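Take a look at the letters that make up each chain.
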Amino acid sequence: MSEEWKRPPHQPLHQFQCEPQPQPQRRFNPQTLSQPQGEAQPQPESGDQPHPPEEVKPWALSDHRRVLLLLLGSSFLASILGLAYYYQQPLESMGDRQPDKELKEESGPGGSAVQKARAFYRSCMDTGAIETAGAEPFLRLIQKLDGWAVFGPWNKSDFNATLALLMRNYATFPFFNIYVGKDPNDIARGTTRKYIQIDQPEFHIPTEWSSKTQKSKANAQILRPFLASCHKYLSLLGAPPRTSSLHVGLFISLSSELAVAASPLSHRLVKGHLYQHMTIRELQAQAPNIDWLGCLQSVFHPHPVSQEDHVLLHNLPYIVQMSQIIGKWLNRHELSGSGPLHTYMVFSLLHTLIPALDSRFAETERNFSLALGSTDEKIPRWQQCVLDTERGFDTVITYLLNQRTAHREAEEMIQNIFSSFKSKLTDLEWRDEDSRLFVMNKVLSLTPRLSSKIESPSEEELNRLYSKVEIRAHDHFSNYIQLLSLLQKRRNKLFIQTEEADILSMAPMLLGNELVFPMGMFVPPLFHSSYPRAVNYGVLGTLMAKDILHLLLPDIHSQSESVQAVGECVWAHYLSVTGEPGSDRSFTFTPAQQQEMWVQYYALQVALQAYHQSLRHRPGDTSLLGLSHIHLLLNSFARMNCDSDPYTDLVPFESSFMITVLCGNADICPTTLACPNKPQLNTLQRC
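Being a predicted model, the structure only gives us computed values, none of them experimental.

Criteria and cut-off values
- Residues numbered from 1 in each chain as written.
- Predicted model: local features only at pLDDT ≥ 70, side-chain atom pairs only at ≥ 80, totals over all residues.
- Heavy atoms only, no water.
- Pairing = 2+ DSSP bridges.
- Helix = DSSP H or I, 4+ residues; strand = E, 2+ residues; numbered from the N terminus.
- Axes fitted to C-alpha atoms, helices over the stretch in contact; angles between N-to-C directions.
- Salt bridge = Lys/Arg side-chain N within 4 Å of Asp/Glu carboxyl O.
- Buried < 20%, exposed > 50% of the residue type's maximum accessible area, 1.4 Å probe, protein only.
- Expected span 1.5 Å × (residues − 1).
- Contact = heavy atoms within 4.5 Å.
- 1 Å grid on protein atoms, 1.4 Å probe; cavity = no way out; pocket = protein on both sides within 12 Å on 5 of 7 lines; lining within 4 Å.
- Points joined across faces, edges and corners; volume = space filled by probe spheres on them.
- Disulfide = S-S within 2.5 Å.
- Core = buried A, V, L, I, M, F, W, Y, C linked by side-chain atoms within 4.5 Å.

Attention now moves to the sheet that holds strand β7 (residues 310-313). Strand pairing in a sheet is mediated by backbone hydrogen bonds. Such pairs are either parallel or antiparallel. Strand order across the open sheet formed by four strands is β2-β3-β7-β6, with mixed pairing between neighbours. The strands lining the two open edges of the sheet, one partner per strand, are β2 (177-182) and β6 (276-279). Within this sheet the neighbouring strands show an average axis-to-axis angle of 35°, counted without direction. As defined by bridge partners, β2 adjoins strand β3 (residues 194-199) across six bridges and the pair is classed as antiparallel. Looking at β3, one finds that Tyr179 is bridged to Gln197.

So, about the pattern of salt bridges. Where charged atoms from two side chains of opposite charge approach closely, those side chains can pair. One pass over the structure, following the stated rule, counts twelve salt bridges. For Arg268, the salt bridge identified is with Asp199, shortest N-O distance 2.8 Å. Here Arg268, found in helix α11 (residues 265-271), pairs with Asp199, found in strand β3; they are 69 residues apart in sequence, far enough to count as distant. Here Arg268 and Asp199 have matching classes, each one buried. The salt bridge involving Arg436 is made with Glu433; its shortest N-O contact spans 2.6 Å. With Arg436 and Glu433 both in helix α20 (residues 433-444), this residue pair falls three residues apart, about one helical turn.

Before going further, it helps to examine helix α19 (residues 407-425). End to end, α19 covers 27 Å across 19 residues, agreeing with the expected 27 Å (1.5 Å per residue, within 8%). For α19, every residue scored as buried is listed here: Ala410, Glu412, Met413, Ile414, Asn416, Ile417, Phe418, Ser420, Phe421, Lys424 and Leu425. Its buried side turned inward, α19 meets α20, β8 (447-450), β10 (514-517), α23 (533-552) and α26 (591-617).

Right, let's get into the layout of surface pockets. The probe, sized like a water molecule, is rolled over the atoms to show the empty space still left. Approximately 910 Å³ is the volume attributed to the second largest pocket. Around the second largest pocket, the lining is made up of 30 residues, and of these Ile354, Ala362, Glu365, Ile379 and Gln384 lie nearest the centre. Of all the elements in the fold, those that place two or more residues in the lining of the second largest pocket are α5 (127-133), α15 (340-353), α16 (359-371), α17 (381-392) and α22 (476-493). The dominant element in the lining of the second largest pocket, judged by the number of residues it contributes, is α16, at six residues.

This part takes up the state of the cysteines. Each disulfide is one covalent bond, formed between the sulfur atoms of two cysteines. Within this structure, the stated rule accounts for one disulfide. Each sulfur of the disulfide joining Cys124 and Cys385 lies 2.1 Å from the other. Here the S-S torsion is close to -85°, and the disulfide linking Cys124 with Cys385 is therefore left-handed. Here Cys124 is found in helix α4 (residues 113-125), whereas its partner Cys385 is found in helix α17, with 261 residues between them in sequence.

Here we come to the nonpolar core. Grouped together as the largest cluster of nonpolar side chains are 169 residues, with contacts concentrated most on Phe175, Phe176 and Phe522. In terms of residue count, α26 provides more of this core than any other element does, twelve residues in total. Apart from the residues within four sequence positions on either side, Phe176 is in contact with Leu163, Met167, Ile198, Asp199, Pro201, Ile290, Trp292, Ile319 and Met322. Of all hydrophobic cores here, the second largest spans five residues; its members include Tyr121, Trp382, Cys385 and Val386.

Enumeration according to the criterion identifies two cavities of 30 Å³ or more in this entry. In this structure, the second largest cavity spans a volume of roughly 30 Å³. Around the second largest cavity, the lining residues are Leu145, Thr162, Leu166, His342, Met345, Val346 and Leu349. Taken together, the elements giving at least two residues each to the lining of the second largest cavity come down to α7 (159-170) and α15. It is α15 that provides the largest number of residues to the lining of the second largest cavity, a total of four residues.

Right under this line is the structure:
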């Protein structure tokens, strides 16, 4: 296919149902999911013959069935919505609901970890209190940090002491980033030691990289919106206009010097600047204006850190130059009353705390991003609160998922999907025996499993872990500060934690010879044990199959002739069904496009075969709205694929069109799926 080829503008959206489809609803308020409703029991069904339709009253549906109908009646809901549902449900309804006064008391030192997580989420959603507080919480914090010259005389605190405090208590890293991880060279040698790693920070000031000079440079034109945003922040904080210009000018000058000393990852990779080993003592000699031992001991307390410990540097030239820049500004005595380095650190702290401040600050940040050409959509408030709650209370969410995940049903689904996937591999036409053996040996060596922490904490252990956390009602700023402290504690755990899949992830991953499926995949609205299994396999089953195919068979196009054959066959189906005059059948697809059509088609086949395997082990399934099992599975797949996925641009039609192809290749589809105004399926070529 030529690079100019695009999906035809006149192409219809092929759903396999003939009736008009509701418009996809991208998102809805998850608050609507947590209102208790009466329970309506699903009716068991022994065969695939559809029952007469029956009236379904919305108020007669349980929460899970209501979510399910929303899923079937609109577009696929983003994975985060499933997590949002879990935050709303377990965090708001686990245990008896309590009055606000009682909740406030129990979210203090004596409250349970679950109650504290609930209280944090609620304080994050309490936008009224956040807006009322305005900038005052941040200004009070500045006073605790010895003031700020922007507002008049300030206590000239020690530079390194303030830097260590920001990194330890507020997860703010103005001049360099710190994290913990392995050296890939050690992994190749079979060792698993973890190191403190030091990298250049994320800069807020925009710069450009010149491939000609191999240096970063500031662009005067894009500096204008940065200047405007700095003035706006100071205005929101109530800074006197007569002093703002001086401090903003010094801040931009220092920011520019630091930012142009940095370099992009691609350059550092070519220059070999990644994973450079060095002791802290050696680092101190190369970059003497940072108290490295003091800062690292502060950040990782109580983990022991000594001068002879090795750290990994990811841009030593930047670290050296950064130290020189700091030394130069520290020695500019004529500016000592202005405290430009302190101003730089306060601005960095402000950016860290913007999510906890009123909406004017976030709007200023967003306007700056838009001025730089960003097209990212604004994150809804509930989604931001979900993410923040997970950052601080990940152990609580893990505990709740462990408690509420239907482990038996999830593990059964994993085994059925993987077994079906392996059996479908035998149907492929391989280019040669070596390719077949390579893929089969790789797949057969893997053991699929559900991810769960080996030592999941009990409720008592969880309460002890969060015993010192005190969440205050209507004081999200204070709560957010505690969240940053929790992040610091999590950083220390990285030295001793074993490698494990992110339990809240929505995609499987390889860990050695294990194919691990995180528990975060098995949450509503993608999956629930009360759903008909047909829905679980039509939605999550097809997603799992796609993930497996992408993860384990990234080069299948070069290994199997079936990929091209299936791609060509599916395209022929599309042209036959659309029946558009003058359709060009001579399109040539790229290998990536052919492979993605094969993935979409095979994923549906894998999920369908896995569902039948489930029925053989446990005959009978529940139904919904009187639909047959197969109709319900295919309907779930079609609705789920209304939303985009990372590979949607590689397929020239909606993924739900694969149902038409599947029904043309097997006598499994109910007659109610056939559309009278379309070609008869039995006249289409079998793929």
